[in-house]
Amino acid sequence: MKDLISVKDLSVEQIQELLKLTDEIKRDKTRFTAALSGKTLALIFQKPSNRTRVSFEVGMYQLGGYSIYLGPNEISLGVRESISDVAKTLSRYVDGIVLRTFEHKNVTDLAKFASVPVINGLSDLTHPCQALADIYTIREKKENLKGMTLAYIGDGNNVCNSLLYACAKVGMNMNIAAPKGYEPDKHVLDEAKRMAQSGGSEINLSGKPREAVRGADVIYTDVWTSMGQEKEAKARKKAFKGFQVNKTLVNLAGKGVLVMHCLPAHRGEEIADDIMESKNSVIFDQAENRMHVQKAILIKLLS
Ligand code: CP
Ligand code: NVA
């Protein structure tokens, strides 16, 4: 494994290995402090970020390495110079590159031309680091993944796409409730369905949140308007009416259901304020786990 572009590229064994290494990293804070000593990570971010940027930077520091943040105005990927020239140049300086971008092809192109590992820090299509931290969190709370059911309520976006691959790979069922026109990417859905079938789980798509959450172990949601879609915000707010994760929906799922959100959240839109603060919510543990899982990813790819 040279890069981390999508969860779909990982084998079940590679995912299990990553989760196990994350356990070790989280348990023993002192063991890995020199794991990436002398290594440097470049972070090219064309979109804003709190969790991804900070957890990668702090993670790198805690592993004895160094990171360089390159915001939208610095590299100006594909505008100031071509993606291949950026990839070839940075490969002479750094040991790994994280890219947060719009078009997914930017990530695959960067990986194609870089001789160092490239990590997808979110594209319009997928968000693999998020989904890996999410299944780590579910495994931590429920002690198991196989046979669990995750109900995803809302926009069939990048986060939903990566969860589809992750759930299918680890034998989890996924019920998706999305309004018409906002379903997950057709190709991703078909691929994930095939993977789920061979792993013995099921993926269901409907427009009905109440049906989706029945019997679910996890309820997951994300913003209705993702980064780059700001102009559609008003239309989306209308289309997603009835898709809020709130008390009614959580009560339908039952007592022990975990509520998850990748953050940032728009409280009062896709998720009710009291649900974010409820005992079902593991949202901030989930945010913390981004860092532990990414440290495991960095060790696997950079050392
Ligand atoms: N969940 C997530 O990726 O958050 P940021 O956009 O703040 O990095
Ligand atoms: N779907 C959201 C996720 C943010 C972490 C977005 O792309 O803006």
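Quick look at the structure, then. (Residues numbered from 1 in each chain as written. Chains lettered and ligands numbered in written order. Predicted model: local features only at pLDDT ≥ 70, side-chain atom pairs only at ≥ 80, totals over all residues. Heavy atoms only, no water.)

### Overview of the site of ligand 2
In the vicinity of ligand 2, the residues found are Leu-122, Asn-157, Asn-158, Val-159, Asp-222, Val-223, Ser-226, Met-227 and Leu-263. Separating a nitrogen atom of ligand 2 from a side-chain N or O atom of Asp-222 is a distance of 2.7 Å. Ser-226 is positioned with one of its side-chain polar atoms (N or O) 2.7 Å from a nitrogen atom of ligand 2. For ligand 2, the accessible surface in isolation is 270 Å², of which the surrounding protein chains cover 95%. (Near = heavy atom within 4 Å. Polar contact = N/O pair within 3.5 Å; in protein donor to acceptor, adjacent residues only side chain to side chain. Areas by Shrake-Rupley, 256 points an atom, 1.4 Å probe, with all protein chains shown as cover.)

### Some remarks on the site of ligand 1
Lining the immediate environment of ligand 1, one finds Ser-49, Asn-50, Arg-51, Thr-52, Arg-100, His-127, Gln-130, Cys-262, Leu-263 and Arg-290. In this structure, an oxygen atom belonging to ligand 1 sits 2.7 Å away from a side-chain N or O atom of Thr-52. The side chain of Arg-290 places a nitrogen or oxygen atom 3.1 Å from an oxygen atom of ligand 1. Here ligand 1, which alone exposes 260 Å², has 96% of that area covered by the protein. When grouped by side-chain class, the residues that make up the shell around ligand 1 number 2 nonpolar, 5 polar and 3 charged. (Nonpolar A, V, L, I, M, F, W, Y, C, P; charged D, E, K, R; others polar.)

### Focus on the pattern of salt bridges
Counted according to the given criterion, the structure contains 17 salt bridges. The shortest N-O distance in the salt bridge between Glu-24 and Arg-31 comes to 3.0 Å. Among the residues examined, Glu-24 registers a relative accessible area of 26% and is labelled partly exposed. The salt bridge involving Arg-53 is made with Glu-57; its shortest N-O contact spans 2.8 Å. In this pair, Arg-53 and Glu-57 both sit in helix 2 (residues 51–62), 4 residues apart, roughly one turn of the helix. Overall, the relative accessible area of 30% leaves Arg-53 in the partly exposed class. (Salt bridge = Lys/Arg side-chain N within 4 Å of Asp/Glu carboxyl O. Buried < 20%, exposed > 50% of the residue type's maximum accessible area, 1.4 Å probe, protein only. Helix = DSSP H or I, 4+ residues; strand = E, 2+ residues; numbered from the N terminus.)

### Points about the side chain of Asn-120
Summarising the element assignment, Asn-120 is placed in strand 4 (residues 118–120). Residue classification places Asn-120 among the buried residues on the basis of a relative accessible area of 0%. Among the polar contacts listed, one links the side chain of Asn-120 to the backbone nitrogen of Ser-123, at a separation of 3.4 Å. Reaching out from Asn-120, the side chain makes a polar contact with the side chain of Thr-126 at a distance of 2.9 Å.

### A short note on the side chain of Ser-226
Along the polypeptide, Ser-226 turns up in the loop between strand 8 (218–221) and helix 9 (233–239). Overall, the relative accessible area of 11% leaves Ser-226 in the buried class. Setting aside residues up to four positions removed in sequence, Ser-226 forms contacts with Asp-155, Asn-157 and Asn-158. (Contact = heavy atoms within 4.5 Å.)

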